[in-house]
Amino acid sequence: MQILRSTAAAAAPLLPGLPDHLASLCLCHVPPRLLFSVCRSWRRLLYSPSVPPFLSLYALLSDADDSSGSALAGFSSYDPFSASWSPLPPPPSDVLRRILLRHPSFLARHLPVQTVSASGHLVLLSATAHPLRPALPRALAFHPATRRWRPAPPLSAPRRWCAAGSVGGAVYVASGIGAHYSQGVARCAERWDPMATTAGWERVAPLKDGRFSREAAHAVGFKGKLYMVNVWGKAAKEGIVYDVESDAWEDMPRGLLEGWNGPTASMEEREIYTIDEGTGSMRVYDCERDRWMDVIESEALKGAVQMAAGGGRVCVVCEGGDEIAVVDVAANKMWKVEPPQGTGWSLYMCCLG
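Position numbers for residues count from 1 along each chain, tracking the sequence in the order it is written. pLDDT decides what is reported in this predicted model: residues at 70 or higher carry local features, side-chain atom pairs at 80 or more are listed and counted, and totals for whole chains, interfaces and linings draw on all residues regardless. Side-chain measures were taken over the full set of non-hydrogen atoms in the model, leaving aside hydrogen atoms and water.

Peer 1: Tell me about the sheet that holds strand S8 (residues 140-143), and name the residues and values.
Peer 2: Between any two strands, at least two bridges found by DSSP are needed for them to pair. The secondary structure listing takes helices from DSSP runs of H or I that are at least 4 residues long and strands from runs of E that are at least 2 residues long, numbered from the N terminus. With antiparallel pairing, the 4 strands of this open sheet are ordered in space as S4-S5-S8-S9. In this open sheet, the two edge strands, each paired with only one partner strand, are strand S4 (114-118) and strand S9 (148-151). If you compare each strand with its neighbour and ignore which way they point, the axes differ by 25° on average. The sheet contact formed by S8 and S9 spans 4 bridges and is antiparallel. Opposite Ala-141, over in S9, you have Arg-150 as the bridge partner. Here an angle of 0 to 180 degrees is reported between the N-to-C directions of two axes, which are lines fitted to C-alpha atoms, with helices fitted over the stretch in contact.

Peer 1: So what about unusual backbone geometry? Which residues, and what values?
Peer 2: In this structure, the amide linkage connecting His-130 to the following residue, Pro-131, adopts the cis form with an omega of -5°. Inspection of the secondary structure assignment puts Pro-131 in the loop between strand S6 (128-129) and strand S7 (133-134). Residue Ser-119 is not a glycine yet carries a positive backbone phi of 50°. Counting through the fold element by element, Ser-119 comes out in the loop between S4 and strand S5 (121-126). One non-glycine residue with positive phi stands out, namely Lys-223, at about 50°. With respect to the helices and strands, Lys-223 occurs in the loop between strand S14 (217-222) and strand S15 (225-229).

Below, the structure is given as structure tokens:
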């Protein structure tokens with residue numbers, strides 16, 4: 001009898017008087033936060049394919065207790081409705097254990113692990129292995145809806161310290177260093193669409209020189225173009241722009257380059273946000289006047305190390321990786337999110353199915 005009662009409770013309709021498939025069509029228009037808070041059956045619906053995916057945070061973590069320099073614990077995702085982190089399935093072949101985060105020659109520097117979000121996928125692109133070689137023979141793509149990793153087609157050459165970004169749902173990789181420095185790799189640029197089932201990486205127009213292979217370059221998509229600089233912070237830097245439509249590289253606008261003084265991210269490729277890591281000022285780029293406009297300034301944003309943007313919010317890994325600040329740019333409000341256990345080196349926003 002108890003089993004029969006439990007089965008009946010589990011089969012309770014989403015909306016009394018309507019079949020579940022019709023109720024799902026109605027409820028998919030309800031704000032996700034309300035779906036989560038009303039009842040368990042609506043909460044389950046929120047995580048089903050019937051409801052459009054929502055934005056989540058993805059963090060790449062290292063083991064804070066390990067001093068070997070190679071201790072990636074894995075990826076975790078943050079559910080904004082339950083306010084909780086959960087680990088992702090590990091990538092295949094134990095690839096995270098091959099990644100080097102620090103090197104005895106320059107202990108003060110963090111060796112980058114480059115990951116981008118594109119077309120609803122989280123794509124692990126490049127990292128460093130001992131002794132300063134590319135750690136990934138090919139990129140790996142994680143699909144949140146199926147919670148599975150799959151290998152991307154091979155690049156023309158594995159690389160590290162490259163520019164990585166996305167435009168129009170496609171992943172772009174430019175420049176970088178392979179097992180040894182090569183002018184061909186340093187000037188090479190390629191793209192891949194994670195939604196394409198058969199197509200591999202496609203060569204695009206090469207860079208005019210190899211000066212973007214000095215370290216991991218920042219690249220963000222904005223209005224059909226990929227913008228990238230080759231040096232972090234306020235140091236003298238170069239900036240170039242790839243126009244997807246014309247398949248050509250061009251100079252970066254002067255005002256955009258001069259104000260690019262810290263972590264930078266694109267909001268749905270419609271706006272570019274940056275943080276001046278010295279002043280803690282978050283700014284948005286005005287392309288018509290080629291200038292940066294202040295959004296919010298906070299002591300908590302000084303020394304910011306990573307950022308991601310989406311859904312009207314900018315998420316920032318604060319100095320030291322101990323806190324995540326979330327800024328609602330429309331309401332001009334900021335609050336904190338506790339990071340998962342470990343040290344977050346990279347932070348991304350991606351659709352969670």
